[in-house]
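Okay, here's what each chain looks like letter by letter:
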Amino acid sequence: DAGITQSPRYKITETGRQVTLMCHQTWSHSYMFWYRQDLGHGLRLIYYSAAADITDKGEVPDGYVVSRSKTENFPLTLESATRSQTSVYFCASSESRAGADEQYFGPGTRLTVT
Amino acid sequence: GQNIDQPTEMTATEGAIVQINCTYQTSGFNGLFWYQQHAGEAPTFLSYNVLDGLEEKGRFSSFLSRSKGYSYLLLKELQMKDSASYLCAVGSWGKLQFGAGTQVVVTP
């Protein structure tokens with residue numbers, strides 16, 4: 001039972017480059033989420049998706065793009081990476097709405113933008 | 001929007017009890033969650049309260065008062081492995097909003 005996986009686990013990239021972080025879940029959960037975690041800010045929601053082809057902005061969406069063509073995948077793209085996007089990124093999934101069901105988190109991707 | 005407050009750090013001795021408080025202000029509310037996060041790892045679910053009162057799960061208990069916008073997580077019989085960050089999160093409008101987390105340090 002693989003659960004929820006993220007790749008890559010670590011990434012170093014340069015300012016201005018495009019980067020895509022992958023997220024894959026094997027539970028067929030409807031809802032998927034992307035968070036970033038920075039010291040002093042806790043987890044902040046970037047984007048979320050209620051189902052395939054349905055996505056919506058979270059608290060900090062600027063500079064990010066998401067897509068969800070298949071239920072099990074939810075990639076996050078940084079179109080032109082900036083140093084302020086250096087962070088740890090977590091993907092999560094849940095069976096139902098976030099306010100009514102626990103979320104399961106992937107292991108995270110540590111991204112450094114130089 | 002929401003404002004979620006929890007203490008930054010707490011220290012307690014192995015075998016003791018620690019209570020982590022969380023206060024929140026929200027425009028909508030579906031439930032309150034507690035997660036545990038060890039350093040360098042992903043958050044893992046601990047508990048969920050939607051109605052007022054106490055939920056007990058082994059050594060961990062969580063309490064909610066919706067009218068006061070207040071919750072706490074109680075950790076009993078502390079073990080060294082309980083050293084971690086504890087995240088309070090409010091669910092509303094289909095999303096979770098997290099507090100900054102409380103770092104609990106358990107000393108021998």
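Values in this document were obtained by computation on a predicted structure and should not be read as measured data. (Residues numbered from 1 in each chain as written. Chains lettered and ligands numbered in written order. Predicted model: local features only at pLDDT ≥ 70, side-chain atom pairs only at ≥ 80, totals over all residues. Heavy atoms only, no water.)

Engineer: Would you take a moment to explain the overall build of chain B for this structure?
Structural biologist: For chain B, the count of helices and strands is 0 helices and 11 strands. The helix and strand sequence of chain B, counted from the amino end, reads β-β-β-β-β-β-β-β-β-β-β. Taken against the 2.2 N^0.38 rule, which gives 13 Å for 108 residues, the C-alpha radius of gyration of chain B at 13 Å falls within 12% of a compact globule. The C-alpha extent of chain B, read off along each of the three principal axes, is 40 × 30 × 20 Å. Residues classed as buried in chain B amount to 49% of the 108 residues present. As displayed, chain B offers around 5000 Å² of accessible surface, 51% of which is attributable to carbon and sulfur atoms. Averaging the coordinates of the 7 positive side-chain charges in chain B and doing the same for the 9 negative ones gives two points 7 Å apart. (Helix = DSSP H or I, 4+ residues; strand = E, 2+ residues; numbered from the N terminus. Rg over C-alpha atoms; globule rule 2.2 N^0.38 Å. Buried < 20%, exposed > 50% of the residue type's maximum accessible area, 1.4 Å probe, protein only. Areas by Shrake-Rupley, 256 points an atom, 1.4 Å probe, with all protein chains shown as cover. Lys, Arg positive; Asp, Glu negative; His and termini not counted. Charge placed at Lys NZ, Arg CZ, Asp CG, Glu CD.)

Engineer: It is not clear to me how the sheet that holds strand β3 (residues 19-25) of chain A should be interpreted in this structure. Could you clarify?
Structural biologist: Each strand in a sheet pairs with another by means of backbone hydrogen bonds, the pair being arranged parallel or else antiparallel. Residue and element names in this part refer to chain A. Taken together, the 4 strands give an open sheet; going across it, the order is β1-β3-β8-β7, and neighbouring strands pair in antiparallel fashion. Both edges of this open sheet fall to β1 (4-7) and β7 (64-66), since each of them pairs with a single strand only. Shown here is a sheet whose adjacent strand axes are inclined to one another by a mean of 20 degrees, direction ignored. By the bridge criterion, 3 bridges tie β3 to strand β8 (residues 76-78) in an arrangement that is antiparallel. The residue bridging T20 from the neighbouring strand is T77, located in β8. (Pairing = 2+ DSSP bridges. Axes fitted to C-alpha atoms, helices over the stretch in contact; angles between N-to-C directions.)

Engineer: Sorry, what's going on with the pattern of salt bridges here?
Structural biologist: Note on pairing: side chains with opposite charge can pair once their charged atoms come close. Residue and element names in this part refer to chain A. One pass over the full model with this rule turns up 5 salt bridges over all chains. Among the salt bridges present, the one from D38 reaches R36, with a minimum N-O distance of 2.8 Å. The exposure class of D38 is buried, given its relative accessible area of 15%. Its salt-bridge partner being D38, residue R44 comes within 3.0 Å of it at the nearest N-O pair. One network of salt bridges, with partners in common, ties together R36, D38 and R44. (Salt bridge = Lys/Arg side-chain N within 4 Å of Asp/Glu carboxyl O.)

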